[in-house]
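Structural characterization, general
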Amino acid sequence: MAKRKTLRFDYLTIFPEVIHPYVQASMLGRAARKRLLSFHAHNLRRWTHDRHKTVDDKPFGGGPGMLMKPQPFLEALAWLKLRNIKTGRRRTGAARARVIATAANGKPFTHADAARLATRYTRIVFLCGRYEGMDQRILDRLADEVFSIGPYVLTGGELPALVMTDAIARHVPGVLGKEASLAEESWSDGEGEYPQYTRPETWLGIKVPKILLSGHHKDIEAWKKAHRMH
Ligand code: SAM
């Protein structure tokens, strides 16, 4: 079997220190040590040119708060060799990289998106917003896709990027201990997951459904099918 290329994740953020503690732990950390995944958090302030390393500015037309400026994101993506520094357009050779912007009002991120991104691309770059969000031209010109992780507003795009990273990484062969565990999960086939129980058989007076203790595989499968839920 051909060796799979490492799936590389990059994060453009003003808080790079929040990324590594999560991705170094547990299954993602183990997958990184096996070189199935790699994680690179970049401080966006590196691509500023003023004394204060400014990444934000006031919105035209007024309004509360500040917006992320487009130029530091462009320069970072050009440094990563993914965007042309003059036009912001995709560079040749970057076809298997996907630039994903995070936005509270973006497209809802789904299980199907996670599977597609893990399968089609070898490199995923997250643009993490802060303040009141990003200049619209970042979303329109630099991002390939703009995702929201849910109908609520967080203080920044780092948690959304980590949530998406985790969901995408689980689709990379070898990241989960047992590939079968992916196939039967809540959103994998649209049918939902059934309730599951472990020992003890009775806990706080609540009994495990008898059928699951019966050893009758056919009946157990029928029960699981009947009890699938989202
Ligand atoms: N003013 C924006 C609005 O009303 O939608 C909220 C900006 S939020 C305080 C700052 C950043 O956090 C956003 O630019 C985005 O990167 C990230 N963010 C917040 N909530 C998010 C969500 N539900 N999904 C994805 N990204 C989110």
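Residues numbered from 1 in each chain as written. Predicted model: local features only at pLDDT ≥ 70, side-chain atom pairs only at ≥ 80, totals over all residues. Heavy atoms only, no water.

The following threshold applies: UniProt positions are given in the numbering used here, feature names are shortened, and annotations may be inferred rather than shown by experiment.
Looking up the chain in an unreviewed UniProt entry gives the name tRNA (guanine-N(1)-)-methyltransferase, with the organism given as candidate division WWE3 bacterium. What UniProt records for the chain under Subunit (unreviewed entry) is the sentence "Homodimer." Under the UniProt heading Function (unreviewed entry), the entry covering the chain gives this text: "Specifically methylates guanosine-37 in various tRNAs."

**Comments concerning the environment of A226**
Quick note on the threshold: Numbered from the N terminus, helices here are DSSP runs of H or I no shorter than four residues, and strands are runs of E no shorter than two.
Among the secondary structure elements, A226 is positioned in helix 8 (residues 217-226). Between the C-alpha atom of A226 and that of Y194, which follows or precedes it by 32 residues, the distance is 8.2 Å.

**With respect to the UniProt feature "binding site: S-adenosyl-L-methionine" (unreviewed entry) in the chain**
Counted only if it meets this: Only protein chains enter the accessibility calculation, which uses a 1.4 Å probe; a residue whose area is less than 20% of its type maximum is buried, one above 50% is exposed, and one in between is partly exposed. Contacts: residue pairs with any heavy atoms within 4.5 Å of one another.
When the UniProt feature table is mapped onto this chain numbering, "binding site: S-adenosyl-L-methionine" (unreviewed entry) sits at G129. Residue position: G129 is located in the loop between strand 6 (123-127) and helix 5 (136-142). Of the residues examined, G129 reaches a relative accessible area of 10% and is grouped as buried. Residues contacting G129, with those up to four places away along its chain left out, are M68, T102, M134, T155, G156, G157 and E158.

**What to know about the nonpolar core**
Quick reminder of the rule: Note on terminology: a nonpolar core comprises buried Ala, Val, Leu, Ile, Met, Phe, Trp, Tyr and Cys residues joined through side-chain atoms within 4.5 Å.
Core analysis: the largest hydrophobic core is formed by 27 residues, its most contacted members being F9, Y11, L37, L117, I124, F126 and I168. Looking at this core, the elements that each hand over two or more residues are strand 1 (7-13), helix 1 (19-23), helix 2 (26-33), strand 2 (37-43), helix 4 (111-120), strand 6 and helix 6 (158-169). Discounting residues that sit within four places of it in the chain, F9 has contacts with L37, S38, F39, H40, I124, F126, T165, I168 and A169. In terms of nonpolar packing, the next biggest core, distinct from the first, is built from 23 residues, L12, W47, F73 and A143 among them.

**Some remarks on the sheet that holds strand 6**
Where we set the bar: Think of it this way: DSSP has to see at least two bridges between two strands before they count as a pair. Each axis is a line fitted through C-alpha atoms, taken for helices only over the stretch in contact, and angles between the N-to-C directions span 0 to 180 degrees.
One open sheet holds the five strands; their spatial order is 2-1-6-5-7, and the pairing between them is parallel. Of all the strands in the sheet, just strand 2 and strand 7 (145-148) have a single pairing partner and so form its edges. On average, adjacent strands in this sheet sit at an angle of 30° to one another, irrespective of strand direction. The sheet contact formed by strand 5 (residues 97-108) and strand 7 spans five bridges and is parallel. Its bridge partner being in strand 7, I100 is matched across the sheet by E145.

**As for the site of the ligand**
Put simply, the rule is: When we say a residue is near a molecule or strand, we mean one of its heavy atoms is within 4 Å of it. Between N or O atoms, a polar contact is any pair within 3.5 Å; within protein, one atom must be a potential hydrogen donor and the other a potential acceptor, and residues adjacent in sequence are included only when both atoms are from side chains. Only the protein chains shown count as cover for residues, and all accessible areas are computed by the Shrake-Rupley method using a 1.4 Å probe. Three classes are used, and their members are as follows: Ala, Val, Leu, Ile, Met, Phe, Trp, Tyr, Cys and Pro are nonpolar, Asp, Glu, Lys and Arg are charged, and the others, Gly among them, are polar.
By nearness alone, 19 residues border the ligand, and T102, G129, E132, Y152 and L154 come closest of all. Interatomic distance of 2.9 Å between a backbone N/O atom of E132 and a nitrogen atom of the ligand. A distance of 3.1 Å is found between a nitrogen atom of the ligand and a backbone nitrogen or oxygen belonging to G150. Burial of the ligand by the protein amounts to 83% of the accessible area it has alone, namely 590 Å². Breaking the shell around the ligand down by element, the ones donating at least two residues are strand 5 and strand 7. With three residues, the single largest contributor to the shell around the ligand is strand 5. Per-class residue counts for the shell around the ligand are nine nonpolar, eight polar and two charged.

**Structural notes on the domain arrangement of the chain**
Short version of the rule: An automatic or database domain assignment supplies the start and end points of every domain.
Considered domain by domain, the chain is made up of domain 1 (7-179) and domain 2 (192-226). For domain 1 and domain 2, the distance between their C-alpha centroids amounts to 41 Å.

**What about helix 2?**
Along an α-helix, residues three or four apart share an orientation, since each turn contains 3.6 residues. What counts, and what does not: Here the arc refers to the set of directions running from the helix axis out to each C-beta atom.
Every buried residue of helix 2 is listed here: L28, G29 and A31. Taken end-on, helix 2 shows its buried residues confined to a sector of 160°, consistent with a single buried face. Of the exposed residues in helix 2, those oriented more than 90 degrees away from the buried face are S26 and R33. Taken together, the buried residues of helix 2 touch helix 1, strand 2 and helix 6.

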